[in-house]
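Residue-level listing of the chains:
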Amino acid sequence: MRQRDRRKRRVETRESRDRWMITYADLITLLLIFFVILYAMSSLDTDKYNIVTGSLSETFKSGSTVLEGGNGILDAGKSTENKPESTDGNGNAAATARPNDGSAEQTENETPSARELAFREQEAKLAKLMGVITNYVEENNLGEQIFVADKPQGIEITLSDRFLFDIGKADLKSPALPALQQLSGLFSDIGAKISIEGHTDNTPVSSASHYNDNWELSGARALSVLRFFLDHEGLNPDNFQYAGYADTQPTAENTSAAGKQKNRRVEIIVLRQLQEGA
């Protein structure tokens, strides 16, 4: 019995010692498969290569392919230019490709799309609008009260709050009415959406104010300008929108009197309906 136990132990010891060979054999097999795959991927399929290069050559209309060292598009221009006219079976000259002399580009410039025409018309109207307002401001010495700028979203007309309102109020002052009447005449046929936006500084409204906070004050001021255009001047309400932003969109620091004065304003933005290339 003891001898049998010893023999069993010896067999089990040998088997446990040889188990590493199984793992080693698996590893070698995986490496072999890996290198076979790499070799298969690196093999060049001549037929497919010829198909691809031929397709590229036909695409660029070149005498020599790009992959074979040709100049591609540059060669295409030369080969087309030097190619004689071909004839059909009856001896008549067939139509052949002509070198690009800019005639196609000229044709495109002469016949712009409907969207391009609309964009040009819009830009012409906005440029005229800005020019008229700028001249009006200069002629009436309103450079400190009205500012005009061409922004990406449209023509921005900024009116100072002291030009339009008394402190803490939203009722329009009489001296501001002629300027607003001038603007209404320009807006009547502009054919664009107009946004009226009220802004304040960060100073809280007084306890005696009719408004609870700067949100109400800025919104009420924008609405007063809108009401003037609609009720007094009879403009189309579908062309307008308004909003009050309180002190959330300052144009200057609220740490000085001059900065706060710049932030108290009403902006009238004639919005661009079309963007170039859009």
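So, a few notes on the structure that sits alongside this text. (Residues numbered from 1 in each chain as written. Predicted model: local features only at pLDDT ≥ 70, side-chain atom pairs only at ≥ 80, totals over all residues. Heavy atoms only, no water.)

## Quick notes on the sheet that holds strand β4 (residues 240–244)
What links the strands of a sheet is backbone hydrogen bonding, and the strands pair in either a parallel or an antiparallel sense. What the five strands build is an open sheet, ordered β1-β2-β5-β3-β4; its pairing is mixed. A single partner strand is all that each edge strand has here, and the edge strands are β1 (146–151) and β4. Neighbour-to-neighbour, the strand axes of this sheet turn through a mean angle of 20 degrees, independent of strand direction. Looking at chain direction, strand β2 (residues 154–160) and strand β5 (residues 265–271) are connected through seven bridges and run antiparallel. Residue pairing across strands places G154 opposite L271, the latter belonging to β5. Lying over the sheet, helix α9 (residues 214–232) contacts β3 (194–199), β4 and β5, oriented at roughly 160 degrees with respect to β4. (Pairing = 2+ DSSP bridges. Helix = DSSP H or I, 4+ residues; strand = E, 2+ residues; numbered from the N terminus. Axes fitted to C-alpha atoms, helices over the stretch in contact; angles between N-to-C directions. Contact = heavy atoms within 4.5 Å.)

## What to know about the packing of aromatic side chains
Taken as a whole and judged by the stated rule, the model has four aromatic pairs. Arranged with centres 5.6 Å apart and planes meeting at 65 degrees, the rings of F34 and F35 form a pair that is edge-to-face. In this structure F35 comes out as exposed when scored by relative accessible area, which is 51%. (Phe/Tyr/Trp six-rings, centres within 6.5 Å; stacked < 30°, edge-to-face > 60°. Buried < 20%, exposed > 50% of the residue type's maximum accessible area, 1.4 Å probe, protein only.)

## A short note on the nonpolar core
Formed by 34 residues in total, the largest nonpolar core has its most connected members in I157, L164, F187, V225, F229, I268 and V270. At the level of elements, α6 (114–139), β2, α7 (161–164), α8 (177–187), β3, α9 and β5 are the ones that each hand at least two residues to this core. With six residues, α9 is the largest single contributor of residues to this core. The residues contacting V270, other than those within four sequence positions of it, are L126, L129, Q153, G154, I155, F187, I190, A192, K193 and I194. (Core = buried A, V, L, I, M, F, W, Y, C linked by side-chain atoms within 4.5 Å.)

## Some points on the side chain of S224
Checked against the element boundaries, S224 lands in helix α9. A distance of 2.5 Å separates the side chain of S224 from the backbone oxygen of A170, its partner in a polar contact. With residues up to four places along the chain from it excluded, the contact list for S224 reads F165, A170 and L172. (Polar contact = N/O pair within 3.5 Å; in protein donor to acceptor, adjacent residues only side chain to side chain.)

## Description of α9
The end-to-end C-alpha separation of α9 is 26 Å, in line with the 27 Å expected for 19 residues at 1.5 Å each. A distance of 3.2 Å separates the backbone nitrogen of W215 from a side-chain oxygen at the start of α9, and that oxygen is part of D213. Phi for G234, located one or two positions after α9, is positive at around 70 degrees. (Expected span 1.5 Å × (residues − 1).)

## Overview of empty space enclosed by the protein
Counted by the stated rule, this structure contains one cavity of 30 Å³ or more. Here the largest cavity is characterised by a volume of approximately 40 Å³. Lining the largest cavity are I133, Y136, I146, A179, Q182 and L183. In terms of residues, the lining of the largest cavity owes the most to one element, α8, which gives three residues. Tallied by class, residues from the lining of the largest cavity come to five nonpolar, one polar and no charged. (1 Å grid on protein atoms, 1.4 Å probe; cavity = no way out; pocket = protein on both sides within 12 Å on 5 of 7 lines; lining within 4 Å. Points joined across faces, edges and corners; volume = space filled by probe spheres on them. Nonpolar A, V, L, I, M, F, W, Y, C, P; charged D, E, K, R; others polar.)

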